[in-house]
Amino acid sequence: MIGGFLTAEEWQALTELARDGLAEHRLARRANGLVLLDRAMSCDEVGRVPLIDDDTIRTWHRLFEKDGVDGLAEFHYGGRISPLSLDQQATLTALVAKPCG
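Keep in mind the model is a prediction, meaning the values are calculated, not measured.

What counts as what
- Residues numbered from 1 in each chain as written.
- Predicted model: local features only at pLDDT ≥ 70, side-chain atom pairs only at ≥ 80, totals over all residues.
- Heavy atoms only, no water.
- Salt bridge = Lys/Arg side-chain N within 4 Å of Asp/Glu carboxyl O.
- Helix = DSSP H or I, 4+ residues; strand = E, 2+ residues; numbered from the N terminus.
- Buried < 20%, exposed > 50% of the residue type's maximum accessible area, 1.4 Å probe, protein only.
- pLDDT = per-residue confidence, 0-100.
- Expected span 1.5 Å × (residues − 1).
- Core = buried A, V, L, I, M, F, W, Y, C linked by side-chain atoms within 4.5 Å.
- Contact = heavy atoms within 4.5 Å.

Engineer: What's the story with the pattern of salt bridges in this structure? I'm lost.
Structural biologist: Side chains bearing opposite charge may pair, as long as their charged atoms lie close to each other. In this structure the tally under the stated criterion is 3 salt bridges. Among the salt bridges present, the one from D54 reaches R58, with a minimum N-O distance of 3.0 Å. Of this pair, D54 and R58 both sit in helix α4 (residues 54–72), separated by 4 residues, roughly a single helical turn. Under the relative-accessibility criterion, D54 is labelled partly exposed at 27%. The salt bridge partner of D55 is R58, with a shortest N-O separation of 3.3 Å. You can see D55 and its partner R58 sitting in helix α4, 3 residues apart, about one turn around the helix.

Engineer: Looking at this model, I keep getting lost on the confidence of the model for the protein chain. Mind explaining?
Structural biologist: As a general rule, the predicted coordinates of low-pLDDT regions are not to be interpreted in detail. Here the protein chain averages 76 in pLDDT, and 77% of its residues register 70 or above. Between the elements of the protein chain, mean pLDDT differs from a low of 71, seen in helix α1 (residues 8–19), to a high of 85, seen in helix α5 (residues 86–97).

Engineer: Explain α4 here, please?
Structural biologist: What sets the pattern is the α-helix's 3.6 residues per turn: residues three or four places apart point alike. Taking 1.5 Å of rise per residue, 19 residues should cover 27 Å, yet α4 covers just 16 Å from first to last C-alpha, more than 12% shy of that figure. Buried within α4 we find I57, W60, G71 and L72.

Engineer: Explanation requested: unusual backbone geometry in the structure shown.
Structural biologist: With the exception of glycine, the majority of residues adopt a negative phi angle, and the majority of peptide bonds are in the trans configuration. Unlike most non-glycine residues, A40 shows phi in positive territory, near 75 degrees. Positionally, A40 belongs in the loop between α2 (23–38) and α3 (43–48). For A40, a relative accessible area of 68% gives the class exposed.

Engineer: Looking at this structure, I do not really get the nonpolar core. What am I missing?
Structural biologist: For soluble globular proteins, the rule of thumb is that nonpolar side chains tend to be buried together. Residues L34, L36, L37, C43, V46, I52, I57, W60 and L72 constitute the largest nonpolar core, which totals 9 residues. For this core, the elements supplying multiple residues, two or more each, are α2, α3 and α4. Beyond its immediate chain neighbours, meaning those up to four positions away, L36 contacts M41 and V46.

Below is the structure:
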């Protein structure tokens, strides 16, 4: 098992990248989350693997309960500006693109 090799800063930067995505990707994550909820997984369990907090999972469930699949497909969040400078973003992009080994 590989583990424990990221610094706190690297972990934070990679987590932010994992949470970012196109609308189609975000919709697929929401749909997957609700399917897992339907299988009686807890909000915490559903959110743990894709790095999503349990409150977000609950929000998705509320959206679905209110407006069905159409409610999941709406993204009203504008996001936020990256805490990384442009140089840091370029360095991270190069690091992530670098082959392992």
